[in-house]
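Structural description and commentary
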Amino acid sequence: MNKKKNSKIQSKLITYIWICVIPLIGLFAFAVARLYGYYQEYDLLVRNITSANEYNMNFKDSMDEMMYRIIIGSANWTDPEKKLEGEDPKALISEVIVHFEELRGKTTEQNVKSDLNALIKLLGILDERVDDILKNVEEGGHYDENMEMLDMNIRTLTSLIQDDIQKYIYDEATNMEMLRREVAASLLTTVRILVLILILSIIFIYVISKRLSRRITEPITELCDMTEKFAGGDFSVSYHTNSNDEMETLAESFNSMVKEIETLIEDIHKEQENAKDAELRLLQEQINPHFLYNTLDAIIWMTESGENQKAIQVIQELSSFFRISLSKGQSEITIRNEREHVKSYLEIQHYRYQDIMDYEIDFEEDILDYHIQKLTLQPIVENALYHGIKNKRGQGMIKVCGRQDGKDIVFTVEDNGIGMNEEELERLRSLIAGNLVQDDQSGFGMANVEKRLQMLYGTSYGMTVESKYGEGTVVTVRIPQV
């Protein structure tokens, strides 16, 4: 199957969709970035307070007890081999200094930095006083002096350090409260901005969608009006558009079709009176304005219901259908084009009757470059749909096949529709053979196909019909290889 050309209407649709989606994506990214920034600030404050609070609860008691045990000899400081793990005051002070220096490096608030500077300075003094006691312990004989230094220096300094830690925690908690208020105010402002942008986006999307819908439906409606006039017998109509997309191609095909039909009708008037009536009816059967009118109505319905992609595909198939129908005035086309013509017709009808009709097309590759009279298979397929599938309850299937048979080419159009009884089948066979004058449009297209085939290829070629009521119908067409 040939690849479809890039659709300009589809490109416009995608462009408009992205125009509508990008502001919403930007809105979402802005909200996420704003919330993530607040989360990082809040998380940092919580971690700082939590880590400082651990030292606030344990540092003073641990340091006082550790120094007391070293002075009374319960913790052996002088013998490294007998030292207990966790009884090194120097290591504890160093750990605390490193921790609060890291906190000082992370903060940007001046009051918090001042708290940490004072705290680190006190820890340095504590480290010096601890050195004095440890030297006395190592020398020995300074018990009373060490106890006095413990009470006057160590415990006093650890109390001051604990106070500074609490002040740092208080200041950080104050900063957290300020951040909470800022976040609350900012979130309220952000929500207002988001609501405003969302409203503007909805209005923008509404305007864009309305404009897009109008740009698609107005040309189709105009073409539909022209087609209705054309169906009423006004062959002077013409349609022009500056859309520069598939509608322009469809308009050109429509105008060409109108001109060609008008020319054909003028030629018909020059023929014999009997031939004129037959040819006019054939023309109306094969290039049916009502088919175009109904298809355009379906396209409008799809567009208004938001099924724009389906509408684009139907427009493409309709454009292909009429392009092949016209074929620049040629009466013969390749079997490849005839297959494409039937496919376009069935694809359009499938969009309209997808609940009751499906189809398959299977042509051998070897026959595609041979020639056939255009509009040979489409009337048979149309008859299978309207007089077979539509009269049956449930899902129907139309199969169109083409194969090589010696020096001939054989086509079959098979449906599993309502079929015909013996009386209806004989009537259709008589009509196709020209032995019966029809009193309605039923089978007229098939009769004209048979007439054209036998006039062109001889009586050895043409079509045969087999049918059983309730089972379906098979139409076989045989032509020579040309």
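Residues numbered from 1 in each chain as written. Predicted model: local features only at pLDDT ≥ 70, side-chain atom pairs only at ≥ 80, totals over all residues. Heavy atoms only, no water.

Burial within strand β5 (residues 408-415) is extensive, with 6 of its 8 residues counted as buried. Here strand β4 (residues 396-405) pairs with β5 via 8 bridges, running antiparallel. Across the sheet, the residue bridging to glycine 402 is phenylalanine 411, located in β5. In sequence, β4 turns back onto β5 through a hairpin of 2 residues, with glycine 406 there showing a positive phi of about 65°. (Buried < 20%, exposed > 50% of the residue type's maximum accessible area, 1.4 Å probe, protein only. Helix = DSSP H or I, 4+ residues; strand = E, 2+ residues; numbered from the N terminus. Pairing = 2+ DSSP bridges.)

For the rest of this paragraph, the subject is the environment of isoleucine 97. Assignment of secondary structure puts isoleucine 97 in helix α2 (residues 89-106). Exposure remark for isoleucine 97: the relative accessible area of 18% places this residue in the buried category. Placed 22 residues apart in sequence, isoleucine 97 and leucine 119 show a C-alpha to C-alpha distance of 8.6 Å. Setting aside chain neighbours within four positions, we find isoleucine 97 in contact with Ile120, Leu123 and Gly124. (Contact = heavy atoms within 4.5 Å.)

This brings us to a negative patch on the surface. Judged by side-chain charge, Asp358, Glu360, Asp362, Glu364, Glu365 and Asp366 come together as a negatively charged surface patch. Mapping glutamate 365 onto the fold places it in the loop between β2 (357-363) and β3 (371-373). The class of glutamate 365 is exposed, set by a relative accessible area of 58%. (Patch = residues over 30% accessible without salt bridge, like charges linked within 9 Å, V, L, I, M, F, W, Y side chains within 5 Å. Areas by Shrake-Rupley, 256 points an atom, 1.4 Å probe, with all protein chains shown as cover. Salt bridge = Lys/Arg side-chain N within 4 Å of Asp/Glu carboxyl O. Lys, Arg positive; Asp, Glu negative; His and termini not counted. Charge placed at Lys NZ, Arg CZ, Asp CG, Glu CD.)

To continue, consider the pattern of salt bridges. Using the criterion set out here, one finds 14 salt bridges in the structure. Residues glutamate 317 and lysine 343 are paired through a salt bridge, measuring 3.0 Å at the closest nitrogen-oxygen approach. Here glutamate 317 is found in helix α8 (residues 308-326), whereas its partner lysine 343 is found in helix α9 (residues 335-352), with 26 residues between them in sequence. Looking at glutamate 317, the relative accessible area reads 3%, which means it is buried. Looking at lysine 343, the relative accessible area reads 7%, which means it is buried. When the shortest N-O distance is used, the salt bridge between arginine 429 and glutamate 426 registers 3.2 Å. Of the two residues, arginine 429 and glutamate 426 are both situated in helix α11 (residues 422-433); the distance of 3 residues between them amounts to about one turn of the helix. Arginine 429 sits in the partly exposed class, given a relative accessible area of 28%.

Read these as geometric descriptors, not functional statements.
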